[in-house]
Amino acid sequence: MVTIGVYGFDGESFLERLRHADVCLLLDVRQRRGVRGSEYAWANSLRLQAALAHARIAYEHHPELAPTTELRQLQYAEDDRQGVGKRSRRELAAEYTRRYTTEILDRADLTPIVSALSIGGTAALLCVERDPEACHRSLIAQRLTEQHHVTIEHLRPL
């Protein structure tokens, strides 16, 4: 399994990274599947799904793994306190990590995701942040590694 964010890619380089990693299934773990900014219009749900279908990459939305609006606001408040922009965040706030883990991840059944991995090819967890350490997808990946022995690679823009 790999993880990938939207920021730092354009549509073509994003698809190329997925192809290079032999991704056959993209698991979208965003709550809101839109991205602000014209440079990221390609990552809005319908456009992204069309591009993935053309590239023969399956798409699944997993909103049960997305942080709630309240949790995102908690992270944004910490970003503001530290004077860090959302697109330049390097790590998650400790309270966000704790609450995401207990409120979302501990309640989630990751078995269907693990089962999908046995079909062959590589699956990718998608969210928006460039760096996995600044995104909840890293927490999902860590849980998959710890509980299901899934090997994870984090894809970043070149």
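See the structure shown above.
What counts and how
- Numbers given to residues run from 1 along each chain, matching the order in which its sequence is written.
- Local features in this predicted model are restricted to residues of pLDDT 70 or higher, and side-chain atom pairs are both shown and tallied only at a pLDDT of 80 or more, whereas totals for entire chains, interfaces and linings draw on every residue.
- The side-chain values count all of the structure's non-hydrogen atoms but skip hydrogen atoms and water molecules.
- Using a grid of 1 Å spacing that covers the protein atoms alone, one calls a set of points a cavity when a 1.4 Å probe fits there but cannot get out, and a pocket when the set is open and has protein on both sides within 12 Å along at least five of seven lines; lining residues are those with an atom within 4 Å of a point.
- Grid points are joined across faces, edges and corners, and a volume is the space filled by probe spheres set on the points.
- Secondary structure elements are defined from DSSP: runs of H or I of at least 4 residues count as helices, runs of E of at least 2 residues count as strands, and each element is numbered from the N terminus.
- The residue classification treats Ala, Val, Leu, Ile, Met, Phe, Trp, Tyr, Cys and Pro as nonpolar and Asp, Glu, Lys and Arg as charged. All others, Gly included, are polar.
- Whether two aromatic rings pair depends on their centres lying within 6.5 Å, for rings of Phe, Tyr and Trp, where Trp uses its six-membered ring; planes under 30 degrees apart make the pair stacked, over 60 edge-to-face, and the rest tilted.
- Buried, partly exposed and exposed residues are distinguished by accessible area as a fraction of the type maximum, computed with a 1.4 Å probe on protein chains only: under 20%, between the cut-offs, and over 50%, respectively.
- Should DSSP find at least two bridges between two strands, the strands are taken to pair.
- With its strands directed away from the observer, a crossover is right-handed exactly when the path from the first strand over the helix to the second travels clockwise.
- In this description, a nonpolar core means a group of buried Ala, Val, Leu, Ile, Met, Phe, Trp, Tyr and Cys residues linked to one another through side-chain atoms lying within 4.5 Å.
- Contacts are assigned to residue pairs that have any heavy atoms within 4.5 Å of one another.

Caption draft 1: The arrangement of the layout of surface pockets in detail. One number sums up the size of the largest pocket: a volume of about 460 Å³. If one sorts the elements of the lining of the largest pocket by residue count, helix α3 (residues 69-82) sits on top with four residues. Counted by class, the lining of the largest pocket contains eleven nonpolar, five polar and eight charged residues.

Caption draft 2: Looking closely at unusual backbone geometry. Located in the positive-phi region is Asp 22, a residue other than glycine, with phi close to 60°. Along the chain, the position of Asp 22 falls in the loop between α1 (11-20) and β2 (23-28). Positive phi values are uncommon outside glycine, yet Arg 56 reaches one of about 60°. If you trace the backbone, Arg 56 turns up in the loop between α2 (45-54) and β3 (58-61).

Caption draft 3: Summary view of the packing of aromatic side chains. Under the criterion given, the structure shown has four aromatic pairs. Each ring, one from Phe 14 and one from Trp 42, has its centre 4.9 Å from the other, and the planes form 45°; the classification is tilted. Highlighted residues: Phe 14 in helix α1 and Trp 42 in the loop between β2 and α2, separated in sequence by 28 residues. For Trp 42, a relative accessible area of 16% corresponds to the buried category. Put simply, the rings of Phe 9, Phe 14 and Trp 42 touch in pairs and so form one group of aromatic residues.

Caption draft 4: Region of the structure containing the pairing of β3. In this structure, β2 lies alongside β3, joined through four bridges in parallel fashion. In the strand pairing of β3, Leu 26 is matched with Tyr 59. Crossover handedness for the path β2 to α2 to β3: right-handed.

Caption draft 5: Region of the structure containing the nonpolar core. Of all hydrophobic cores here, the largest spans 47 residues; its most connected members are Phe 14, Leu 18, Leu 26 and Tyr 100. Elements with a minimum of two residues in this core: β1 (2-4), α1, β2, α2, α4 (94-103), α5 (111-117), β4 (122-126) and α6 (137-148). Sequence-distant contacts of Tyr 100, defined by excluding residues within four places in its chain, comprise Leu 65, Ala 66, Pro 67, Leu 71, Leu 105, His 136, Leu 139 and Ile 140.

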